[in-house]
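Coordinates in review
Single-letter residue listing:
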There are 2 protein chains.
Amino acid sequence: MSDHSEAPVAPVEAHEPPYYMAVFTAVRTQDQSGYSETDARLEDLVKDVPGYLGTDYAQSPGGLAITVAYFRDAEALAQWRCNAEHRSAQKRGQAEWYQSYTLHVAKVERSHGFTRAHVPPSPTAG
Amino acid sequence: MSDHSEAPVAPVEAHEPPYYMAVFTAVRTQDQSGYSETDARLEDLVKDVPGYLGTDYAQSPGGLAITVAYFRDAEALAQWRCNAEHRSAQKRGQAEWYQSYTLHVAKVERSHGFTRAHVPPSPTAG
């Protein structure tokens with residue numbers, strides 16, 4: 001068995017609808033030079049957007065990568081969409097990092113969450 | 001089907017809005033007995049739902065699993081939501097397979113796709 005990651009993993013929780021989410025599904029190219037640095041920078045930047053609610057991310061090895069970013073309303077999402085560094089990264093992504101992708105922007109109408117009763121006694125950063 | 005990584009991978013393409021998507025973000029438990037069989041069965045079943053548009057899936061090793069299922073309209077999604085075998089699998093998922101999950105059901109307002117241009121192999125290319 002593989003070791004557990006030290007950082008607790010949990011999906012972004014359900015928020016009170018309506019809210020917005022952007023679902024980005026992508027296949028990466030072989031050359032990912034500069035991707036990690038840009039991704040880390042964008043992760044920092046998006047946290048400054050008022051109404052940003054969090055991001056879920058998963059990537060199957062050698063397969064699809066899915067990013068889901070949640071926002072309180074359309075204005076918050078638009079602010080992120082128009083961020084200059086974000087737009088610059090999108091252009092570089094098309095030029096270098098992505099073989100193909102699809103973006104779906106949607107208004108959440110209903111949501112709910114589930115957590116198993118047993119919760120590890122690990123402090124989580126808010 | 002083989003899960004070998006040579007299989008072509010591509011994200012579900014953008015459809016004409018509006019359409020619906022269900023985003024399911026989950027952390028699995030250690031015991032996944034029966035999961036694969038149930039998952040394969042549900043994959044077959046959902047294809048019979050009129051208006052089903054496809055599913056994107058990614059899972060980071062030891063981390064989050066994200067499933068995004070797309071439907072033409074709310075009626076198609078409701079039909080899948082009410083499917084008896086699907087509901088039974090959800091109950092088993094809570095009892096056995098999931099540590100935690102969140103479900104977000106949303107109406108897609110905007111979408112677009114990108115595919116890298118490439119030159120197909122030509123027998124006359126020199």
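One can find the structure itself at the top, above this paragraph.
Description of the structure in this document. (Residues numbered from 1 in each chain as written. Chains lettered and ligands numbered in written order. Predicted model: local features only at pLDDT ≥ 70, side-chain atom pairs only at ≥ 80, totals over all residues. Heavy atoms only, no water.)

1. Structural notes on the pattern of salt bridges
Two side chains with opposite charge may pair up if their charged atoms get near one another. Residues and elements named next belong to chain A. Here the structure, examined in full by the defined rule, presents 4 salt bridges over all chains. The partner of R92 in a salt bridge is E96, and the shortest N-O contact between them spans 3.0 Å. Here the residue R92 and the residue E96 both occupy positions in helix 3 (residues 84-97), the gap between them amounting to 4 residues, near one helical turn. By relative accessible area, which is 32% here, R92 ends up partly exposed. (Salt bridge = Lys/Arg side-chain N within 4 Å of Asp/Glu carboxyl O. Helix = DSSP H or I, 4+ residues; strand = E, 2+ residues; numbered from the N terminus. Buried < 20%, exposed > 50% of the residue type's maximum accessible area, 1.4 Å probe, protein only.)

2. Section: the side chain of T102(B)
Relative to the helices and strands, T102(B) is located in strand 4 (residues 98-115). In this structure T102(B) comes out as buried when scored by relative accessible area, which is 2%. Here the side chain of T102(B) touches V12(A) through a polar contact of 2.8 Å, landing on its backbone oxygen. Residues in contact with T102(B), not counting those within four places in the same chain, are P11(A), V12(A), E13(A), A14(A), H112(A), G113(A), V23(B), F24(B) and T25(B). (Polar contact = N/O pair within 3.5 Å; in protein donor to acceptor, adjacent residues only side chain to side chain. Contact = heavy atoms within 4.5 Å.)

3. Thoughts on the pairing of strand 2 (residues 52-59) of chain A
All names here are of chain A. Where strand 2 and strand 3 (residues 65-71) come together, 7 bridges link them in antiparallel fashion. Within the sheet, the bridge partner assigned to G54 lies in strand 3 and is Y70. Hairpin remark: strand 2 followed by strand 3, antiparallel, with 5 residues in the connecting loop; positive phi at G62, about 70°. (Pairing = 2+ DSSP bridges.)

4. Examining the interface of chain B and chain A
With 51 residues of chain B at the interface, the matching set in chain A holds 54 residues. Of the roughly 4,400 Å² buried between chain B and chain A, counting both surfaces, carbon and sulfur atoms make up 55%. The largest contributions to the chain B side of the interface with chain A come from R110(B), F114(B) and R116(B), which together make up 17% of the buried area. If you look at where chain B meets chain A, you find 0 salt bridges. Inspection of the chain B/chain A interface yields 27 residue pairs in polar contact (both at pLDDT 80 or more). Among the elements of the structure, strand 1 (19-28), strand 2 (52-59), strand 3 (65-71), helix 2 (74-81), helix 3 (84-97) and strand 4 of chain B are those that each provide at least two residues to the side of chain B that touches chain A. Counting residues per element, the side of chain B that touches chain A draws most heavily on strand 4 of chain B, which supplies 18 residues. Here the side of chain B that touches chain A is composed, by residue class, of 27 nonpolar, 16 polar and 8 charged. Here strand 4 (residues 98-115) of chain A runs beside strand 4 of chain B; their pairing, made up of 15 bridges, is antiparallel. The partner of T102(A) across the bridge, within strand 4 of chain B, is G113(B). (Buried area = accessible area lost by both parts, 1.4 Å probe. Nonpolar A, V, L, I, M, F, W, Y, C, P; charged D, E, K, R; others polar.)

Don't take any of this as a statement about function, it's just geometry.
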